[in-house]
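# Tertiary structure, described
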Amino acid sequence: MPTHVAVIMDGNGRWAKKRFLPRFAGHTKGVDTLREMVRGCLDRGIPYLTVFAFSSENWRRPQDEVTLLMQLFMKALQQEVKRLNRHNVRLRIIGDISQFDPKLQELIREAEAQTAQNTKLNFTIAANYGGRWDIMQAVNRMLAAQPDKRDGWVEADLEPYLSMSFAPEPDLFIRTGGEERISNFLLWQLAYTELYFTGTLWPEFDTEAFEAAITSYRQRERRFGRTSEQLAGDSAKTDTHA
Ligand code: IPE
Ligand code: IPE
Ligand code: MG
């Protein structure tokens, strides 16, 4: 099983269009899919789920779609916290939330605080998030913390300042909706993640579809730069010691 699954939930608009519905109907249906996905992670004992809900580029959409998305986000935060608590799910939001309406910022802080003690699933929503933004805010905070240090920085110096510093890097990345790109999602953290793309539109990404993604993941050989033979040798060693 993957420890950390990261998802770009794409295809809501096309799902709605196929049904002659307004795009927004797809986003609403997408919330139901997300609830199911959270349950799917709980059922499988997957401890980290991170989803891309709104990118820093999504402000470019028509104003009425952006407004409706923000309202949907607020409504979901208000309605779902109880359920998250019941299932021992901790909610975090990553991204530049200072750009959101103060009321939404307040709801985000409340939802995070109300679920902060939960331990079964770390559920993270990326909102007004961009991978490049994340790296830059981390660099700025890292430099500010040690203003006298001029050189010799290493990767491990930056990592504590990244938005996902609390989590291991994603094992499995899923993008629904048929597009095969990262769209400025977790850039630093996806360096060695197994990528899974599916044409299934997000509102139709049900538990069988999730299972298919996990099955694909389990067939991958994660070499992290090593050779297959080295990996076979390592597992033989582990087997004899066990
Ligand atoms: C993803 O679905 C949801 C958000 C970006 C908020 P889209 O709205 O991008 O759906 P398509 O890609 O237009 O079908
Ligand atoms: C990416 O989806 C971001 C989210 C799912 C929130 P988009 O549909 O906005 O991505 P592009 O613009 O097609 O790459
Ligand atoms: Mg899209």
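Refer to the structure above for everything that follows.
These numbers were taken from a predicted model, which means no experiment stands behind them.

The next subject is the site of ligand 1. Around ligand 1, the neighbouring residues are Met 9, Asp 10, Gly 11, Asn 12, Gly 13, Arg 14, Arg 23, His 27, Ala 53, Asn 58, Arg 61 and Leu 69. Interatomic distance of 2.8 Å between a side-chain N/O atom of Asp 10 and an oxygen atom of ligand 1. Burial of ligand 1 by the surrounding chains reaches 86%, relative to a free accessible area of 380 Å². Those elements giving two or more residues to the shell around ligand 1 turn out to be α1 (12–18) and α2 (23–44).

Attention now goes to the site of ligand 2. Close to ligand 2 lie Ile 8, Met 9, Asp 10, Phe 52, Ala 53, Phe 54, Ser 55, Asn 58, Arg 61, Arg 175, Arg 181 and Ser 183. Take Arg 181: an N or O atom from its side chain is 2.8 Å from an oxygen atom of ligand 2. Contacts to ligand 2 include Ser 183, whose side-chain N or O atom sits 2.6 Å from an oxygen atom. Coverage of ligand 2 by the protein amounts to 78% of the 390 Å² it exposes when considered alone. In terms of residue count, strand β2 (residues 48–55) provides more of the shell around ligand 2 than any other element does, four residues in total. Classifying every residue of the shell around ligand 2 by side-chain character gives five nonpolar, three polar and four charged.

Right, let's talk about the pairing of strand β1 (residues 4–8) for a bit. Among the five residues that make up β1, five are buried, leaving the element largely enclosed by the rest of the structure. Burial along β1 is two-sided: His 4, Ala 6 and Ile 8 facing one way and Val 5 and Val 7 facing the other are all buried. Where β1 lies against strand β5 (residues 172–175), four bridges are found, and the strand directions are parallel. Looking at β5, one finds that Val 5 is bridged to Leu 172.

Procedures and definitions
Within every chain, residues take consecutive numbers counted from 1 along the sequence as written. Chain letters and ligand numbers both follow the written order, the letters beginning at A and the numbers at 1. Reporting of local features is limited, given that this is a predicted model, to residues whose pLDDT is at least 70; pairs of side-chain atoms are given and counted only at 80 or more, and all residues count toward the totals for whole chains, interfaces and linings. The basis for the side-chain values is all heavy atoms of the structure; hydrogens and waters are excluded. We call a residue near a molecule or strand as soon as one heavy atom of that residue lies within 4 Å of the molecule or strand. We call two N or O atoms a polar contact when they sit within 3.5 Å, provided that within protein one can donate a hydrogen and the other can accept it, with sequence-adjacent residues counted only if both atoms are side-chain atoms. Surface exposure here means Shrake-Rupley accessible area, sampled with a 1.4 Å probe, where a residue is shielded only by the protein chains that are shown. Each helix is a run of DSSP H or I of at least 4 residues and each strand a run of E of at least 2, with the numbering of both proceeding from the N terminus. For this scheme, ten residues count as nonpolar: Ala, Val, Leu, Ile, Met, Phe, Trp, Tyr, Cys and Pro. Four count as charged, namely Asp, Glu, Lys and Arg, and the remainder, Gly too, count as polar. Each residue's exposure class comes from its accessible area (1.4 Å probe, protein chains only) as a fraction of the maximum for that residue type: buried when under 20%, exposed when over 50%, partly exposed otherwise. One bridge is not enough; two strands pair if DSSP finds at least two bridges between them.

Everything listed is a geometric property; what it means functionally is a separate question.
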